[in-house]
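Next come the chains, spelled out residue by residue.
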Amino acid sequence: MKIELKESRIILTQMGLHDSVDMVRHLKTGAVQKNTLSIPFPYTEMDALSQIEKYENSDHELAIRLKCSNTFIGRIGACQASSLLSHTAIIGYWLGEEFWGKGLMTEAALAFSMYCFGSLGYERLEATCQEENVASARVLQKCGFLQEGTIRGRYKINGVLRNAKLYGLIKT
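Residues numbered from 1 in each chain as written. Predicted model: local features only at pLDDT ≥ 70, side-chain atom pairs only at ≥ 80, totals over all residues. Heavy atoms only, no water.

J.: Provide a residue-level description of the packing of aromatic side chains, including the pertinent values.
T.: Inspection of every chain in the model, using the stated rule, returns two aromatic pairs. Summarising the aromatic geometry, the rings of F112 and Y115 are spaced 5.9 Å apart at their centres and angled 40° between planes, so their arrangement reads as tilted. With a gap of three residues between them, F112 and Y115 both fall in helix α3 (residues 104–118), about one helical turn apart. (Phe/Tyr/Trp six-rings, centres within 6.5 Å; stacked < 30°, edge-to-face > 60°. Helix = DSSP H or I, 4+ residues; strand = E, 2+ residues; numbered from the N terminus.)

The following block contains the structure:
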């Protein structure tokens, strides 16, 4: 099934092998990895191709593209929290550094949240971000997510336990 969610400045679609060059370009500096947990650094073409092959037909992991040029600028996705929480998805996202601070991630996260509630059938969405990641917290707040707490020692980064803010959004 082909997915294409069009917003005013971005489009969310499935990833394709042609996205690997842009993916590497956005992830080669390490700036994005400072705020994420699962993206390796340094990031290689093989990393990109592996991710694309894993998710290219997924309806849960989508590319974020500029509407004006169809250029790949980031990724957003969701996974089911657990079998006991089948109504809940955990979302995560990243955006190339040159596109930070322009409201594009808010636009993408809002569209993706509505897609999760509508097409994917989830009733609750959760997201976490490192305490220091003010920009990601702001994206979630603008999309209607409420901070539900702080998870102490949630991440272990470079041997140091780091806290995370937990955000939740309920389908209304």
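J.: Please give an account of the pattern of salt bridges that cites residues and values.
T.: Pairs can form between side chains of opposite charge once their charged atoms are near each other. A full pass over the atoms with the stated rule returns nine salt bridges. The salt bridge involving R75 is made with E61; its shortest N-O contact spans 3.2 Å. Of this pair, R75 sits in strand β4 (residues 72–80) while E61 sits in strand β3 (residues 61–66), and the two are 14 residues apart along the sequence. By relative accessible area, R75 is classed as buried at 13%. What you see here is one network of salt bridges that share partners, running through D22, R25 and E98. (Salt bridge = Lys/Arg side-chain N within 4 Å of Asp/Glu carboxyl O. Buried < 20%, exposed > 50% of the residue type's maximum accessible area, 1.4 Å probe, protein only.)

J.: Please give an account of the pairing of β3 that cites residues and values.
T.: Counting buried positions along β3 yields six of six residues, so the element is predominantly enclosed. Neither face of β3 is left uncovered, since the one carrying E61, A63 and R65 and the one carrying L62, I64 and L66 both have all their residues buried. The pairing of strand β2 (residues 10–13) with β3 spans four bridges and is classified as antiparallel. Counterpart to T13 in the pairing with β3 is A63. Across five bridges, the pairing between β3 and β4 is antiparallel. (Pairing = 2+ DSSP bridges.)

J.: Break down the environment of G96 for me, citing the residues and quoting the values.
T.: Among the structural elements, G96 can be located in the loop between β5 (88–95) and α3. Its relative accessible area of 0% is what places G96 among the buried residues. In sequence terms G96 and L27 are 69 residues apart; their C-alpha atoms lie 7.2 Å from each other.

J.: Any chance you could break down the layout of surface pockets for me, citing the residues and the numbers?
T.: Roughly 1300 Å³ of volume is contained in the largest pocket. For the largest pocket, the lining is made up of 50 residues, of which N35, T36, G92, Y93 and W94 are closest to its centre. Of all the secondary structure elements, the ones that give two or more residues to the lining of the largest pocket are α1 (20–27), α2 (45–55), β4, β5, α3, β6 (124–130), α4 (134–142) and β7 (146–157). Class assignment of the residues belonging to the lining of the largest pocket gives a composition of 28 nonpolar, 14 polar and eight charged. (1 Å grid on protein atoms, 1.4 Å probe; cavity = no way out; pocket = protein on both sides within 12 Å on 5 of 7 lines; lining within 4 Å. Points joined across faces, edges and corners; volume = space filled by probe spheres on them. Nonpolar A, V, L, I, M, F, W, Y, C, P; charged D, E, K, R; others polar.)

J.: Go over the side chain of S20, please, and point to the residues and values.
T.: One can find S20 in helix α1. Beyond its immediate chain neighbours, meaning those up to four positions away, S20 contacts E45, A48, L49 and I52. (Contact = heavy atoms within 4.5 Å.)

J.: Tell me what's going on with the nonpolar core, and back it up with residues and numbers.
T.: Judged by nonpolar contacts, the single largest core of 36 residues is most densely connected at L12, I64, I91, F112 and L125. Among the elements of the structure, β2, β3, β4, β5, α3, β6, α4 and β8 (160–170) are those that each provide at least two residues to this core. Residues M15, L27, V32 and Y55 belong to the second largest nonpolar core, which totals 13 residues. (Core = buried A, V, L, I, M, F, W, Y, C linked by side-chain atoms within 4.5 Å.)

J.: Which residues make up α4, and what values go with them?
T.: Burial in α4 covers these residues: S136, A137, V139 and L140. Buried residues in α4, looked at end-on, bunch into an arc of 155°, giving them a common side. Residues of α4 that are exposed and point over 90 degrees away from its buried face: V134 and A135. Tucked inside the fold, the buried residues of α4 contact β5, α3, β6 and β8. (Arc of directions from axis to C-beta.)

J.: For the sheet that holds β2, give the residues involved together with the corresponding values.
T.: With mixed pairing, eight strands are arranged side by side in an open sheet as β1-β2-β3-β4-β5-β6-β8-β7. One side of each edge strand has no neighbouring strand; the edge strands of this open sheet are β1 (4–6) and β7. Each strand of the sheet is rotated relative to its neighbour by a mean of 25°, with strand direction disregarded. Where β1 lies against β2, three bridges are found, and the strand directions are antiparallel. From the neighbouring strand, L5 faces β2, where its bridge partner is L12. (Axes fitted to C-alpha atoms, helices over the stretch in contact; angles between N-to-C directions.)

Honestly, it's all geometry; don't read function into it.
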